[in-house]
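Coordinate inspection notes
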Amino acid sequence: MDVLGIDIGGSGVKGAIVDVKRGDMLTERYRLPTPQPATPAAVAETVRKVARHHKWDGPIGCTLPARIQRGVAKTAANIDETWINTPVRSLLQEATKCPVAVLNDADAAGVASMEFGAGRGRKDLVIMLTVGTGIGSAMFNRGRLIPGSELGHLTLHGESAERYAADSARKRDGLSWADWAGRFQEYLDHVEFLFAPDLIIVGGGVSRPSKVKSYWHLLSAQSELVPAELENEAGIIGAAVVARKKARKRK
Ligand code: BGC
């Protein structure tokens, strides 16, 4: 079955039709810039345009960089704060006239990695970390998502870890890859100490092969540590997979 996956990010809203059985995108990604200010109403209108571009009237899976509980956004670290307490699912359902499943962006990327990437078949404790503007996380035990983890907001050096170790911190502080890797290593050590995962998958912008080669050899971990393979398609694919599962349950 095909589902429209949409990834709402800080700079772009991207959508593609996904074959959820194979984890493949059946169309090009259609991208519109995220409106500024990225208020819920403005972003919902952009999501509507992405769905209309694909002439879509079926289920939609949509990510947001926020904790989502029962379809409602509960945090807004790197997005407009008016998202807090916004009923995202009903907002997007009204905008698109389609059934919508909404989930956290990192949870979606993690689902894609568990279904089609490095996490496939893993029954032990898996943590996916998406590293970009912020740090997002997805945790899986016995292959099941423990939704809503926010490991990017663990405290490191007195601040949210993502302010210290995300890719945006590397850019903001003009760090070399080696210096950034040192910070990210501290963060990894902290995550390992607290959760003792068996596998850590690193996704987001820093998982592109062109970037991985600049710093991967500097990292070490007690657990298995691998870069994500699906890169920036993971959110779209994972959101579509979750929307498919929800659509099934409704039947
Ligand atoms: C947000 C998370 C999100 C992550 C990656 C963090 O700042 O709190 O919900 O998953 O950024 O976008």
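Scanning the protein for helices and strands turns up 8 helices and 15 strands. Over its C-alpha trace the protein gives a radius of gyration of 17 Å, about what one expects of a compact globule, namely 18 Å for 251 residues. With the C-alpha coordinates aligned to their principal axes, the bounding extent of the protein is approximately 45 × 40 × 30 Å. The buried share among the 251 residues of the protein stands at 54%. Residue pairs in contact within the protein that sit at least 24 positions apart in sequence constitute 61% of those at least 6 positions apart. As presented, the protein carries roughly 11600 Å² of accessible surface, and 49% of it is formed by carbon and sulfur atoms. Seen as two clouds, the 34 positive and the 28 negative side-chain charges of the protein have centres 7 Å apart.

A separate point is the domain arrangement of the protein. Entries for the protein in the domain assignment read domain 1 (2–107 + 233–250) and domain 2 (121–229). Taking only C-alpha atoms into account, the centre of domain 1 sits 24 Å from that of domain 2. Taken together, the contact between domain 1 and domain 2 spans 8 residues of the former and 13 residues of the latter. Carbon and sulfur atoms make up 48% of the surface buried where domain 1 meets domain 2, a total of about 760 Å² over both sides. Together, Arg67, Ala106 and Asp107 form the three largest contributors to the area buried by domain 1 at its contact with domain 2, with a combined 62%.

With 17 residues, helix α8 (residues 234–250) extends 25 Å between its outermost C-alpha atoms, agreeing within 8% with the 24 Å of an ideal straight helix rising 1.5 Å per residue. Among the 17 residues that make up α8, 12 are buried, leaving the element largely enclosed by the rest of the structure. Those residues of α8 not exposed but buried are Ala234, Gly235, Ile236, Ile237, Gly238, Ala239, Ala240, Val241, Val242, Ala243, Arg244 and Ala247. Of the surrounding secondary structure, the elements contacted by the buried residues of α8 are β1 (2–8), β2 (12–19), β3 (24–25), β5 (60–64), β8 (100–104) and α3 (105–116).

Inspection of the region around the ligand gives Pro65, Ala66, Ala77, Asn78, Asn104, Asp105, Ala106, Ile135, Gly136, Glu150, His153 and Glu162 as its neighbouring residues. At 3.5 Å from an oxygen atom of the ligand is found a main-chain nitrogen or oxygen belonging to Ala66. A distance of 3.0 Å separates an oxygen atom of the ligand from a polar atom in the side chain of Asn78. Contact with the protein chains covers 93% of the free accessible surface of the ligand, which is 310 Å². Sorting the residues of the shell around the ligand by element identifies α3 and β10 (135–141) as the ones contributing at least two each. Partitioned by chemical class, the residues of the shell around the ligand number 5 nonpolar, 4 polar and 3 charged. Two domains each put at least three residues into the shell around the ligand: domain 1 (2–107 + 233–250) and domain 2 (121–229).

Another aspect to go through is the environment of Lys14. Tracing the backbone through its elements, the reader meets Lys14 in strand β2. C-alpha of Lys14 to C-alpha of Leu32: the two residues are 18 residues apart in sequence and 6.6 Å apart in space. In this view, Lys14 contacts Gly5, Ile6, Asp7, Arg29, Tyr30, Arg31 and Ile236; residues no more than four positions away in its chain are not counted.

Moving on, we get to the packing of aromatic side chains. Between two aromatic rings, the relevant description is the distance of the centres plus the angle of the planes. Going through the model one piece at a time under the given rule, you end up with 6 aromatic pairs. Ring plane angle 90 degrees and centroid distance 5.6 Å describe the contact between Trp177 and Trp180, whose orientation is recorded as edge-to-face. Residue Trp177 and its partner Trp180 are both found in helix α6 (residues 177–195); the two are separated by 3 residues, about one turn of the helix. Take Trp177: its relative accessible area is 19%, and that puts it in the buried class. Its relative accessible area of 0% is what places Trp180 among the buried residues. Among the aromatic side chains, those forming a connected cluster through ring pairs are Trp177, Trp180, Phe184, Tyr187, Tyr215 and Trp216. Sitting over the face of the ring of Trp177, Arg170 holds its NZ or CZ atom 3.8 Å from the ring centroid.

Definitions and cut-offs
Residues numbered from 1 in each chain as written. Predicted model: local features only at pLDDT ≥ 70, side-chain atom pairs only at ≥ 80, totals over all residues. Heavy atoms only, no water. Helix = DSSP H or I, 4+ residues; strand = E, 2+ residues; numbered from the N terminus. Rg over C-alpha atoms; globule rule 2.2 N^0.38 Å. Buried < 20%, exposed > 50% of the residue type's maximum accessible area, 1.4 Å probe, protein only. Contact = heavy atoms within 4.5 Å. Areas by Shrake-Rupley, 256 points an atom, 1.4 Å probe, with all protein chains shown as cover. Lys, Arg positive; Asp, Glu negative; His and termini not counted. Charge placed at Lys NZ, Arg CZ, Asp CG, Glu CD. Domains from an automatic or database assignment. Buried area = accessible area lost by both parts, 1.4 Å probe. Expected span 1.5 Å × (residues − 1). Near = heavy atom within 4 Å. Polar contact = N/O pair within 3.5 Å; in protein donor to acceptor, adjacent residues only side chain to side chain. Nonpolar A, V, L, I, M, F, W, Y, C, P; charged D, E, K, R; others polar. Phe/Tyr/Trp six-rings, centres within 6.5 Å; stacked < 30°, edge-to-face > 60°. Lys NZ or Arg CZ within 6 Å of the ring centre and 35° of its normal.

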